[in-house]
Amino acid sequence: NAGVMQNPRHLVRRRGQEARLRCSPVKGHSHVYWYRQLPEEGLKFMVYLQKENIIDESGMPKERFSAEFPKEGPSILRIQQVVRGDSAAYFCASSPRDGFRGGQETQYFGPGTRLLVL
Amino acid sequence: DQQVKQNSPSLSVQEGRISILNCDYTNSMFDYFLWYKKYPAEGPTFLISISSIKDKNEDGRFTVFLNKSAKHLSLHIVPSQPGDSAVYFCAAVDPGYALNFGKGTSLLVTP
């Protein structure tokens, strides 16, 4: 009964390189959310995806960041031309369906990918 | 713009006593609240939640209280155990689905 899987757990990149973060949701979950946690901060919502669709990317920087959740395979968060300020922990969460209507659903988190930009 | 605030960065409690973690929010549109527990190098783990139509929800040693008029909620852990030592995040759901997190309170339960 695997939970949310994220890889790599740690990623080191130099400024200007690309970072690719992967997230495999809980089996049967079709909704994926990405959050970023900067040092000494809480988690900040970035993007919400369903299979093959971006539902809400209002929390994601307009440039250099993109996300996808293809029909097959994991969700990918891609950061192009990384800068030092991108250093953070990136968490993926999944849920069986969106929202919290009736209080029946919750988001289950993966262990995170810690990105360090040198 | 921090809409969910946890004003105590840390809390130390003796084993067996009650731990009370507090959370304030500013957005009156929030209608669902959750507490997550997080150990170092792990993702947040869901602990307990409460809908805005309730003022209390209890699950074993954990109870969450919601005061809508004060825009305040609290998590009570009783009795506290050393294994409860972790960072606790309060989160609120806007009318959609995004979780709005506080900065967390680090709880230390001493034997």
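Cut-offs used in this document
- Residues numbered from 1 in each chain as written.
- Chains lettered and ligands numbered in written order.
- Predicted model: local features only at pLDDT ≥ 70, side-chain atom pairs only at ≥ 80, totals over all residues.
- Heavy atoms only, no water.
- Disulfide = S-S within 2.5 Å.
- Helix = DSSP H or I, 4+ residues; strand = E, 2+ residues; numbered from the N terminus.
- Buried < 20%, exposed > 50% of the residue type's maximum accessible area, 1.4 Å probe, protein only.
- Pairing = 2+ DSSP bridges.
- Salt bridge = Lys/Arg side-chain N within 4 Å of Asp/Glu carboxyl O.
- pLDDT = per-residue confidence, 0-100.
- Contact = heavy atoms within 4.5 Å.
- Buried area = accessible area lost by both parts, 1.4 Å probe.
- Polar contact = N/O pair within 3.5 Å; in protein donor to acceptor, adjacent residues only side chain to side chain.
- Nonpolar A, V, L, I, M, F, W, Y, C, P; charged D, E, K, R; others polar.

Chemist: Sorry, what's going on with the state of the cysteines here?
Modeler: Every disulfide links exactly two cysteines, by a covalent bond between their sulfur atoms. All names here are of chain A. Taken as a whole, this structure holds two disulfides over all chains when the rule is applied. For C23, the disulfide goes to C92, at an S-S distance of 1.8 Å. As the torsion about the S-S bond is roughly -55°, the C23-C92 disulfide counts as left-handed. One end of the pair, C23, is in strand β3 (residues 19-24); the other, C92, is in strand β9 (residues 88-95), with 69 residues separating them in the sequence. By relative accessible area, C23 is classed as buried at 0%. On the basis of relative accessibility, which here comes to 0%, the residue C92 falls in the buried class.

Chemist: In this structure, what is going on with the sheet that holds strand β7 (residues 62-67) of chain B? I would like to understand it.
Modeler: To summarise the sheet geometry, strands pair through backbone hydrogen bonds and adopt either a parallel or an antiparallel arrangement. All names here are of chain B. With respect to topology, five strands assemble into an open sheet ordered β1-β3-β8-β7-β6, the strand pairing being antiparallel. Only two strands of the sheet have a single neighbouring strand rather than two, namely β1 (4-5) and β6 (56-59). Examined bridge by bridge, β6 and β7 share four bridges and lie antiparallel to one another. Residue pairing for β7: K56 is matched across the bridge by F65.

Chemist: Whenever I open this one, the pattern of salt bridges confuses me. Can you help?
Modeler: Should their charged atoms come close, side chains of opposite charge can pair. All names here are of chain A. By the definition in use, this model includes five salt bridges over all chains. Two residues, E18 and R20, come together in a salt bridge whose shortest N-O distance is 2.9 Å. Judged by relative accessible area, which is 38%, R20 ranks as partly exposed. For E18, the salt bridge is made with R78, and the minimal N-O distance between the two is 2.9 Å. Within this pair, whereas E18 is found in the loop between β2 (10-13) and β3, its partner R78 is found in strand β8 (residues 75-79), the two being separated by 60 residues in sequence. A single salt-bridge network, built from bridges that share partners, covers E18, R20 and R78.

Chemist: It is not clear to me how the confidence of the model for chain A should be interpreted in this structure. Could you clarify?
Modeler: A low pLDDT score tells you not to read the predicted coordinates there in detail. The predicted model of chain A averages 90 in pLDDT, with 91% of residues at 70 or higher. Confidence drops under pLDDT 50 across residues 100-104 of chain A; counting only partners more than four residues distant or on other chains, this segment forms 14 contacts.

Chemist: Help me understand the interface of chain A and chain B in this model?
Modeler: The accessible area lost on association of the parts is a frequent measure of interface size. Listed by partner, the interface residues are 24 residues for chain A and 22 residues for chain B. In total, chain A and chain B occlude about 1,800 Å² of area from one another, counting both sides; carbon and sulfur atoms represent 57% of this. At the surface where chain A touches chain B, the tally comes to one salt bridge. A salt bridge links E41 of chain A to K103 of chain B; its shortest N-O distance comes to 3.6 Å. Counting every contact that joins chain A to chain B gives four residue pairs in polar contact (both at pLDDT 80 or more). Looking at the side of chain A that touches chain B, the elements that each hand over two or more residues are β4 (31-37), β5 (43-50) and β6 (53-56) of chain A. Broken down by element, the residue count for the side of chain A that touches chain B peaks at four residues, all from β5 of chain A. Its residues placed into classes, the side of chain A that touches chain B shows ten nonpolar, seven polar and seven charged.

Chemist: In this structure, what is going on with the pairing of strand β8 (residues 72-77) of chain B? I would like to understand it.
Modeler: Residue and element names in this part refer to chain B. With respect to burial, β8 is a largely interior element, five of its six residues being buried. As paired strands, strand β3 (residues 19-25) and β8 are joined by six bridges and run antiparallel to one another. Within β8, the residue paired with N22 across the bridge is S74. Sheet analysis places β7 next to β8, joined by six bridges and oriented antiparallel. Counted as the bridge partner of L66 is L73 from β8. Taken together, β7 and the strand that follows it, β8, pair antiparallel across an intervening segment of four residues, in which K71 is found at a positive phi of about 50°.

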